[in-house]
Amino acid sequence: STPSTPRGGLPSEVGLLSKLRVLRVGQNGVKVLPRTLGLLAGKLEELTFDESNISWPATSEVLSMGTDKLLKFLAAFNGAEKERTLELNGWNFTEMPDDIFGESTLRVLHMSHNKLTAVPDRIEVLKELSELWLDNNLLDDVFPTPLLALTTLTVLNMQG
């Protein structure tokens, strides 16, 4: 099959290079890190890129977390594509990563054990969300108003 390379991105098949230990793509215009790089979590030891050039993932917090954490983040999104479930528990996020809002077909979002203080209005773009796990965060509101837009919710956990 023809490699699928987004403009300014690496081909998604780069995630299939299971023996790859070092990937340096700085100073070559790479803008998108494919989520399939997550398949190399625990294998790829060094990943370098120009942080200021990257448009996806858009969460600068994640880009500066180091190779291992970044690959786990990409792996979560890679799995979400098929499973429609995104698990970002225990990442110490203080706000929902922007990248979540590009996943319009997401059905289940796990963001337990973070440091979220609010739920942004644009959560409404997740029109198919049926489960939202926000337990053990630091939410300012007992019931954040933006959640009222999620009319497809069947499970909402905000304990703790």
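Residues numbered from 1 in each chain as written. Predicted model: local features only at pLDDT ≥ 70, side-chain atom pairs only at ≥ 80, totals over all residues. Heavy atoms only, no water.

Draft legend 1. Representation of the packing of aromatic side chains in the model. The final tally for this structure, using the stated rule, is five aromatic pairs. Consider the rings of W56 and F77, whose centres lie 5.5 Å apart with planes at 85°: the pair is edge-to-face. Here W56 is found in the loop between β2 (46-48) and α1 (60-63), whereas its partner F77 is found in helix α2 (residues 67-83), with 21 residues between them in sequence. A relative accessible area of 17% means that W56 is categorised as buried. Ring plane angle 5° and centroid distance 5.7 Å describe the contact between W91 and F93, whose orientation is recorded as stacked. Residue W91 is classed as buried on the basis of its relative accessible area, which comes to 9%. With a relative accessible area of 0%, F93 lands in the buried category. (Phe/Tyr/Trp six-rings, centres within 6.5 Å; stacked < 30°, edge-to-face > 60°. Helix = DSSP H or I, 4+ residues; strand = E, 2+ residues; numbered from the N terminus. Buried < 20%, exposed > 50% of the residue type's maximum accessible area, 1.4 Å probe, protein only.)

Draft legend 2. Local environment of the nonpolar core. One finds L37, L88 and I100 to be the most contacted residues of the largest nonpolar core, which totals 43 residues. Looking at this core, the elements that each hand over two or more residues are α1 and α2. Sort the elements by how many residues they give to this core and α2 lands first, with seven residues. If we ignore the near neighbours within four places in the chain, the residues touching I100 are F77, L86, L88, L106, L109, M111 and L126. (Core = buried A, V, L, I, M, F, W, Y, C linked by side-chain atoms within 4.5 Å. Contact = heavy atoms within 4.5 Å.)

Draft legend 3. Representation of the side chain of N157 within the structure. Its place among the elements puts N157 in strand β6 (residues 155-157). There is a polar contact of 3.0 Å between the side chain of N157 and the backbone nitrogen of Q159. With sequence-adjacent residues up to four places away left out, N157 is seen in contact with L132, W133, L134 and D135. (Polar contact = N/O pair within 3.5 Å; in protein donor to acceptor, adjacent residues only side chain to side chain.)

Draft legend 4. Highlighting the sheet that holds strand β3 (residues 85-87). Pairing in this open sheet of four strands is parallel, and the strands run β3-β4-β5-β6 from one edge to the other. One side of each edge strand has no neighbouring strand; the edge strands of this open sheet are β3 and β6. Between one strand and the next, the sheet's axes are offset by a mean angle of 5°, whatever the strand orientation. With three bridges connecting them, strand β4 (residues 108-110) and strand β5 (residues 131-133) associate as parallel partners. By the bridge assignment for β5, L109 is matched with L132. (Pairing = 2+ DSSP bridges. Axes fitted to C-alpha atoms, helices over the stretch in contact; angles between N-to-C directions.)

Draft legend 5. Spatial organisation of the environment of L147. Within the secondary structure, L147 sits in the loop between β5 and β6. For L147 and E124, which are 23 residues apart along the polypeptide, the C-alpha to C-alpha distance reads 7.6 Å. Sequence-distant contacts of L147, that is, excluding residues within four places in its chain, are made with V119, L132, L156 and M158.

Draft legend 6. Layout of a nonpolar patch on the surface. A cluster of nonpolar side chains, namely V142, F143, L148 and L156, defines an oily patch on the protein surface of about 410 Å² accessible area. Looking at the element boundaries, L148 is found in the loop between β5 and β6. We classify L148 as exposed; its relative accessible area is 60%. (Patch = residues over 30% accessible without salt bridge, like charges linked within 9 Å, V, L, I, M, F, W, Y side chains within 5 Å. Areas by Shrake-Rupley, 256 points an atom, 1.4 Å probe, with all protein chains shown as cover. Salt bridge = Lys/Arg side-chain N within 4 Å of Asp/Glu carboxyl O.)

Keep in mind that these numbers describe shape and distance, not what the molecule does.
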